[in-house]
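# Report on the structure
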Amino acid sequence: MNFSTFKLKPEIIRAIDQLGYEHATQIQEKAIPQMLTGSTDIIGLAQTGTGKTAAFGLPMIQLIDFDSKRPQGLVLCPTRELCLQITGDLKLFARHVPNARIVAVYGGADIRDQISLIVAYAVLDEADEMLNMGFQEDIDDILERTPSGKRTWLFSATMPGAAAKIADSYMNHPVTITAGLPNKVAENISHACYIVKEKDRYVALKRMIDYIPDIFGLIFCRTRLETQTVAEKLMKDGYNAEPLHGDLSQMQRNQVMKKFRDRTLQLLVATDVAARGLDVDDITHVINYKLPDESERYTHRSGRTARAGKSGVSIVLVNTREVRRVKDLESKSGIRFEVKQIPSGRAVCEKQLSAMMDWLASTQVDNKE
């Protein structure tokens, strides 16, 4: 479905065209017409990377009266990075709308007094993740201060009990929209498992990176310390890598994220929480340096690649004692891992040489003097 069929304002269509959007995703196709009525609470269930920001952002921009100086729309999300990403996207959608004012509030700023009695639309984005991170009381506190007559739009990859409770408490007869199977790993992601000795885990990681010369990847670690350690080792060994975790200052985090989005950074080593705000297209590989505890987290991790219908690869490194966890992950998520061998040194050299030959063959030479 083309975006012009949604009867959006010409200013919004113009912005969409400039962004290169051609066809709506499934969640956008189902949610946008319903939301544009402005009369219904919505529960949107869709997996990561399906265009949920546009699904709620475009209708919100259409419905808000930007001639009024009062805040009318509120979007709650789990991390600062995601907050900034959504803010940036909404600004792009509203770039031609007169008087549009969209701001990010994060880092401890208290917005509760600002939203009392003046918010017409409230969005809970990545609701399941906010609840997993322990924000139940904060969500309750904020929503209790919003007007009872507002419209509430809740988006989530899964619908755990806590999210259902929020729907029961703060939403009025919500319409549920499902795009695909919630929490289902995208079909265009291939999954590979490499079994290594624990002492060889880091060496195996380097071998994998060397075997994929054109990798633009995200490496997941379990803790902030592990993230920092792995990133420092990679940087010391000459790889274009940097860490992203909660111990970095906001300025450092912004700088790292900008480099990764600009593709001047090839490898981002991150924790699950820090990567929640990561919305970057064309990530070729997700490497799980360590497996997460829950299958849902693996779904979120792997969903960083293969966005917007593209294909991608998700790799897990496990030791012999963790093989059972891979089997459990397969049964819970419905995916199948292809067990592979770490590439040999000879195979890496051949791959690197082939990549160099391809680069040389495609290089344009100006013979003019």
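Up top is the structure these notes are about.
All of the points below concern the structure found in this document.

Basis of the calculations
- Residue positions are given per chain, counted from 1 along the sequence in the order it is written.
- Since the coordinates come from a predicted model, pLDDT governs what is reported: local features require at least 70, and pairs of side-chain atoms require 80 or more to be given and counted, while whole-chain, interface and lining totals use all residues.
- Side-chain numbers here rest on the full set of heavy atoms in the structure, without hydrogens or water.
- Under the scheme used here, helices are H or I runs from DSSP no shorter than 4 residues and strands are E runs no shorter than 2 residues, and both carry numbers assigned from the N terminus.
- Exposed residues in this analysis have more than 50% of their type's maximum accessible area, buried residues have under 20%, and partly exposed residues fall in between, with area computed by a 1.4 Å probe over protein chains only.
- Contact between two residues is taken to exist if any of their heavy atoms lie within 4.5 Å; hydrogens are not considered.
- Here, the arc refers to the directions that run from the helix axis to the C-beta atoms.
- One side-chain nitrogen of Lys or Arg within 4 Å of one carboxyl oxygen of Asp or Glu is enough to make a salt bridge.
- Here Asp and Glu are counted as negative and Lys and Arg as positive; His is not counted, and neither are the chain ends.
- Whenever two N or O atoms come within 3.5 Å, that pair is a polar contact, provided that in protein one can donate a hydrogen and the other can accept it, and provided that, for residues adjacent in sequence, both atoms are side-chain atoms.

## A closer look at the environment of Ala-275
Looking at where Ala-275 falls in the secondary structure, it is placed in the loop between β9 (267-270) and β10 (285-288). You can call Ala-275 buried: its relative accessible area is 2%. Considering only alpha carbons, one finds Ala-275 and Leu-218, 57 residues apart in sequence, at a separation of 9.0 Å. When residues no more than four places from it in sequence are discounted, the contact partners of Ala-275 are Phe-220, Ala-270 and Arg-304.

## A short note on helix α9 (residues 201-211)
When we look at burial in α9, the residues that qualify are Arg-201, Tyr-202, Ala-204, Leu-205, Met-208 and Ile-209. Buried residues of α9 fall within an arc of 160° about the axis and therefore sit on the same side. Among the structural elements, β6 (189-195), β7 (217-220), α10 (224-236), β9, β10 and β11 (312-318) are those in contact with the buried residues of α9.

## So, the pattern of salt bridges
If you walk through the whole model with that rule in mind, you get 16 salt bridges. Lys-259 serves as the salt-bridge partner of Glu-242, at 2.5 Å between the closest nitrogen and oxygen. Highlighted residues: Glu-242 in strand β8 (residues 241-244) and Lys-259 in helix α11 (residues 250-261), separated in sequence by 17 residues. For Glu-242, a relative accessible area of 18% translates into the label buried. A residue is classified by how much of its surface remains accessible, and Lys-259, at 32% relative accessible area, is partly exposed. Of the charged contacts in the structure, one is a salt bridge between Lys-310 and Asp-282, with a shortest N-O distance of 2.4 Å. Highlighted residues: Lys-310 in the loop between α12 (295-302) and β11 and Asp-282 in the loop between β9 and β10, separated in sequence by 28 residues. Classification of Asp-282 by relative accessible area gives partly exposed; the value is 37%.

## Re the side chain of Lys-150
Along the chain, Lys-150 turns up in the loop between α7 (136-144) and β4 (151-156). Although Lys-150 is buried, it makes no salt bridge; Asp-41 carries the closest opposite charge, 7.0 Å away. There is a polar contact of 2.9 Å between the side chain of Lys-150 and the side chain of Thr-146. Excluding residues that lie within four positions of it along the chain, Lys-150 makes contacts with Asp-41, Val-119, Ala-120, Ala-122, Leu-143 and Tyr-170.

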